[in-house]
Amino acid sequence: MAIVKFISEKDCQLFIDMDFVGIIQADSMLKTTLVSGSYLVEVKDLNDELIEKYELKIGVDDNQLLQNLSQYTNSIKYSIDKLKNEPTLRFYNQRTKLEHDGKYGYVNSRYELVIDPMYSYAEDFICEKTLVKNLLKKRWLQ
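Attention here is on the structure that accompanies the text. (Residues numbered from 1 in each chain as written. Predicted model: local features only at pLDDT ≥ 70, side-chain atom pairs only at ≥ 80, totals over all residues. Heavy atoms only, no water.)

### Some remarks on the overall build of the protein chain
No. 1: For the protein chain, the helix and strand inventory stands at one helix and twelve strands.
No. 2: Reading the secondary structure of the protein chain in the N-to-C direction produces β-β-β-β-β-β-β-α-β-β-β-β-β.
No. 3: Here the C-alpha radius of gyration of the protein chain, 20 Å, is well above what a compact globule of 142 residues would show, namely 14 Å.
No. 4: Taken over the C-alpha atoms alone, the protein chain extends approximately 55 × 45 × 25 Å along its principal axes.
No. 5: Out of the 142 residues belonging to the protein chain, those deemed buried represent 32%.
No. 6: Residue pairs in contact within the protein chain that sit at least 24 positions apart in sequence constitute 40% of those at least 6 positions apart.
No. 7: As displayed, the protein chain has an accessible area near 9,800 Å², and 50% of this comes from carbon and sulfur atoms.
No. 8: Each charge class in the protein chain can be summarised by its mean position, and for the 19 positive and 22 negative side chains these summaries are 9 Å apart. (Helix = DSSP H or I, 4+ residues; strand = E, 2+ residues; numbered from the N terminus. Rg over C-alpha atoms; globule rule 2.2 N^0.38 Å. Buried < 20%, exposed > 50% of the residue type's maximum accessible area, 1.4 Å probe, protein only. Contact = heavy atoms within 4.5 Å. Areas by Shrake-Rupley, 256 points an atom, 1.4 Å probe, with all protein chains shown as cover. Lys, Arg positive; Asp, Glu negative; His and termini not counted. Charge placed at Lys NZ, Arg CZ, Asp CG, Glu CD.)

Written out as structure tokens, the structure reads:
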């Protein structure tokens, strides 16, 4: 049996194996006790939108686990989910640009990644072509 501590930067709901466990307040902790095994964990915002879904494995030797739920904000999936909620989003030639960690790439109209975010600057697609730039930072050598 293990005590699992879930922590998040923002308010969210926690579901384990489809059962509601509780609401995690920002920067506070929600504890639950789980026996050894594999669990499906779902994190949803307060509007019931899915933020993250993953499998949590608890071993027999585990006593305490800390699960940081705010790590999803660094993932491409989070950037795509954020893009889906953009009210002014427009697709050009079935693609739209995606910004992730200051770099640009593209997703298609089904929100599948088609070009990885690797460019410093990107335009919309026109007639199957687009303009992208990769700006390099100047470094002074001595």
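### Regarding the sheet that holds strand S3 (residues 19–24)
In sheet architecture, strand pairing relies on hydrogen bonds along the backbone and comes in two forms, parallel and antiparallel.
No. 1: Overall, antiparallel pairing links the four strands, which are arranged S3-S2-S5-S6 in an open sheet. In the strand order of this sheet, the two ends are held by S3 and strand S6 (50–58), each with one partner. Pairwise comparison of adjacent strand axes, ignoring direction, gives a mean angle of 25° for this sheet.
No. 2: As paired elements, strand S5 (residues 37–44) and S6 share eight bridges and run antiparallel to each other. From the neighbouring strand, Leu40 faces S6, where its bridge partner is Glu55. (Pairing = 2+ DSSP bridges. Axes fitted to C-alpha atoms, helices over the stretch in contact; angles between N-to-C directions.)

### Notes on the side chain of Ser8
No. 1: Among the structural elements, Ser8 can be located in the loop between strand S1 (2–7) and strand S2 (12–16).
No. 2: A polar side-chain atom of Ser8 sits 2.7 Å from the main-chain carbonyl oxygen of Lys10. (Polar contact = N/O pair within 3.5 Å; in protein donor to acceptor, adjacent residues only side chain to side chain.)

### Quick look at helix H1 (residues 76–84)
For an α-helix, the turn length of 3.6 residues means that residues three or four places apart are oriented alike.
No. 1: Among all positions of H1, only Ser79, Ile80, Asp81 and Leu83 are buried.
No. 2: If you follow the buried residues of H1, they end up packed against S6, strand S8 (95–100) and strand S9 (103–108).

### Quick word on the sheet that holds S9
No. 1: Reading across from one edge, S8-S9-S10 is the order of the three strands in this open sheet, with antiparallel pairing throughout. Here the strands that pair on one side only, and so sit at the sheet edges, are S8 and strand S10 (113–119). Strand-to-strand twist in this sheet, taken as the mean axis angle between neighbours without regard to direction, amounts to 20°.
No. 2: Sheet strands in contact with H1 are S8, S9 and S10, and its direction is about 125° off that of S8.

### Focus: the packing of aromatic side chains
No. 1: The final tally for this structure, using the stated rule, is three aromatic pairs.
No. 2: Each ring, one from Tyr106 and one from Phe125, has its centre 4.9 Å from the other, and the planes form 80°; the classification is edge-to-face. Linking Tyr106 in strand S9 with Phe125 in the loop between strand S11 (121–122) and strand S12 (132–133), this pair joins segments that are 19 residues apart in sequence.
No. 3: Given a relative accessible area of 1%, Tyr106 falls into the buried group.
No. 4: Across from the ring centre of Phe125, 4.3 Å away, lies the NZ or CZ of Arg95, which sits over that ring.
No. 5: For Lys133, the ring lying beneath its charged end belongs to Tyr121, and the centroid distance is 5.4 Å. (Phe/Tyr/Trp six-rings, centres within 6.5 Å; stacked < 30°, edge-to-face > 60°. Lys NZ or Arg CZ within 6 Å of the ring centre and 35° of its normal.)

Everything listed is a geometric property; what it means functionally is a separate question.
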